[in-house]
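# Descriptive structure summary
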Amino acid sequence: MPPPDATAAAATGLQADAEVQIVDFAYQGHRYTARVNRCPQARTEPLLIIGGVLQSKDTWRLHEMDIGAWATTVVIEVPGFGDADPLPVHHGLDFLATAVRHALRTMAMPSVNVLGHSYGSLIGYQLACDYPDQVARLALAGLGKSDPEQLHNQVEEVAQLLKEGDWDAIAHRAVEAITRTPDNSRTAGSAALDMLVRRQFNAMPVPKVKQYLANLERLLYANEHHGLWTTSPVGETRLTTPTLLFTGAGDTMAPPDDIRSLAESFADARFTTIRDSGHLAPFERRNECIDLLRRFFTDELSQTPEYCSAIERSGP
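Residues numbered from 1 in each chain as written. Predicted model: local features only at pLDDT ≥ 70, side-chain atom pairs only at ≥ 80, totals over all residues. Heavy atoms only, no water.

## A closer look at empty space enclosed by the protein
Under the criterion given, the structure shown has one cavity of 30 Å³ or more. Its boundaries defined by the atoms lining it, the largest cavity holds a volume of some 60 Å³. Per element, the largest residue contribution to the lining of the largest cavity is three residues, and it comes from strand β5 (residues 73-77). Along the lines of polarity and charge, the residues of the lining of the largest cavity split into six nonpolar, three polar and two charged. (1 Å grid on protein atoms, 1.4 Å probe; cavity = no way out; pocket = protein on both sides within 12 Å on 5 of 7 lines; lining within 4 Å. Points joined across faces, edges and corners; volume = space filled by probe spheres on them. Helix = DSSP H or I, 4+ residues; strand = E, 2+ residues; numbered from the N terminus. Nonpolar A, V, L, I, M, F, W, Y, C, P; charged D, E, K, R; others polar.)

## Some remarks on the nonpolar core
Core analysis: the biggest nonpolar cluster contains 70 residues, and Leu 48, Ile 76, Ile 123 and Phe 201 have the highest contact counts within it. With eight residues, helix α2 (residues 93-106) is the largest single contributor of residues to this core. (Core = buried A, V, L, I, M, F, W, Y, C linked by side-chain atoms within 4.5 Å. Buried < 20%, exposed > 50% of the residue type's maximum accessible area, 1.4 Å probe, protein only.)

## Let's talk about α2
The end-to-end C-alpha separation of α2 is 20 Å, in line with the 20 Å expected for 14 residues at 1.5 Å each. Summarising burial for α2: 11 of the 14 residues are buried, a large majority. Within α2 the residues assigned to the buried category are Leu 93, Phe 95, Leu 96, Ala 97, Thr 98, Ala 99, Val 100, Arg 101, His 102, Ala 103 and Leu 104. Immediately beyond the C-terminal end of α2, within one or two residues, lies Ala 108, with a positive phi of roughly 55 degrees. (Expected span 1.5 Å × (residues − 1).)

## As for unusual backbone geometry
Notably, Ala 108 is not glycine yet its phi reads approximately 55 degrees, a positive angle. At Asp 299, a position not held by glycine, the phi torsion is positive, near 60 degrees. By secondary structure assignment, the location of Asp 299 is in the loop between α10 (286-297) and β10 (312-314). Take Asp 299: its relative accessible area is 58%, and that puts it in the exposed class.

## Quick notes on helix α3 (residues 119-130)
Within an α-helix, residues lying three or four positions from one another point in the same direction, as the helix has 3.6 residues per turn. Counted at 1.5 Å a residue, the expected span for α3 with its 12 residues is 16 Å, and the 17 Å between its end C-alpha atoms agrees. With 12 of 12 residues buried, α3 is to be regarded as a mostly interior element. Taken as a whole, α3 has its buried residues at Tyr 119, Gly 120, Ser 121, Leu 122, Ile 123, Gly 124, Tyr 125, Gln 126, Leu 127, Ala 128, Cys 129 and Asp 130. Contacts from the buried residues of α3 go to β4 (47-50), α2, β6 (112-117), β7 (135-141) and α7 (206-226). (Contact = heavy atoms within 4.5 Å.)

## A look at the pattern of salt bridges
It is possible for side chains bearing opposite charge to pair when their charged atoms get close. All chains considered together, the criterion is met by 18 salt bridges. The salt bridge partner of Glu 300 is Arg 43, with a shortest N-O separation of 2.7 Å. Within this pair, whereas Glu 300 is found in the loop between α10 and β10, its partner Arg 43 is found in the loop between β3 (30-37) and β4, the two being separated by 257 residues in sequence. By relative accessible area, which is 36% here, Glu 300 ends up partly exposed. Salt-bridge contacts for Asp 291 lead to Arg 295; the nearest nitrogen and oxygen are separated by 2.8 Å. Note that Asp 291 and Arg 295 are positioned in helix α10 at a spacing of four residues, about one turn of the helix. Given the relative accessible area of 24%, Arg 295 is considered partly exposed. What you see here is one network of salt bridges that share partners, running through Arg 43, Asp 291, Arg 294, Arg 295 and Glu 300. (Salt bridge = Lys/Arg side-chain N within 4 Å of Asp/Glu carboxyl O.)

## Structural notes on the pairing of strand β8 (residues 243-248)
Most of β8 sits out of view: six of its six residues are buried. Bridge count for β7 against β8 is four bridges, and the pairing is parallel. Each bridged residue has a counterpart across the sheet, and for Ala 141 the counterpart in β8 is Phe 246. Examined bridge by bridge, β8 and strand β9 (residues 269-274) share six bridges and lie parallel to one another. Bridge pairing in β9 links Thr 243 to Ala 269. Each parallel crossover has a hand, and the one from β8 via helix α8 (residues 256-263) to β9 is right-handed. (Pairing = 2+ DSSP bridges. Right-handed = clockwise from strand over helix to strand, strands pointing away.)

## Let's talk about the confidence of the model for the chain
Here the chain shows a mean pLDDT of 84. Residues at 70 or above account for 86%. A low-confidence stretch, residues 1-18 stays under pLDDT 50, and its non-local contacts, those more than four residues away or across chains, total 37 contacts. (pLDDT = per-residue confidence, 0-100.)

## A word on the pairing of β7
Within β7, six of the seven residues are buried, leaving the element largely enclosed by the surrounding structure. The sheet contact formed by β6 and β7 spans six bridges and is parallel. The residue bridging Asn 113 from the neighbouring strand is Arg 137, located in β7. Traced from β6 through α3 to β7, the parallel crossover comes out right-handed.

Structural data, given as structure tokens:
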């Protein structure tokens, strides 16, 4: 694995709040960025947030406001995400994990907590596997797994629809995959969230279409050339980092039973689900998820919160 780029990144400016910085980085010729919201009274290590494939650093602004009461937040847009530079599909999750490590070293953050959501959970997991000393605690929301043939078919289908510009079909499929649940046990905000997802796909500009397609093809390329998405698969490596695996109880994109089976392969993991939510649980039930994360990242998750299913633990 290549060593971090020696080129240091510099802050490009401050927002209205003097504690908030937008920081630019460059790693092997690829530019990317992060927003750092510093908490003077932090109760734990800085919290690095790695969002899903269509999420940007701005997606998590409401979360930052609440988390900022107890932790510094770093919301990163890695190469191939948000407004960062495009990234060729042959650069896998190991490259993205190394780019994240480069950013953390640039910001002099030797140890962080990590929250990865959906696609970002794969990057967060890779980061913890490749650089375990960098990650104090790891929370993975909506960490999915897929049968290789099923993955190939899904990616090929979506890629073809994107190339054809069939926005209605893409929007319908995205809403079905991301927000569908096996029952109607959703919160009052779920319908609004479904509408926002559909609107996002229908209004997606061409550069974002290419970005979305490239990130889907990145997983397909990794699976076809290496037989797996991550270089340290859960089935063969027992990660010792304290880990919280969770998703919405009605998640059909990363079904709870699949995540539960993954938890058994971690040396020190907790598994739970958030009631009345699906794959977008961190947004459907933001307050509850932030409370769960606070308890976990400050070592106060001793009892099951009322909004969760019973917390199951593997390892010590």
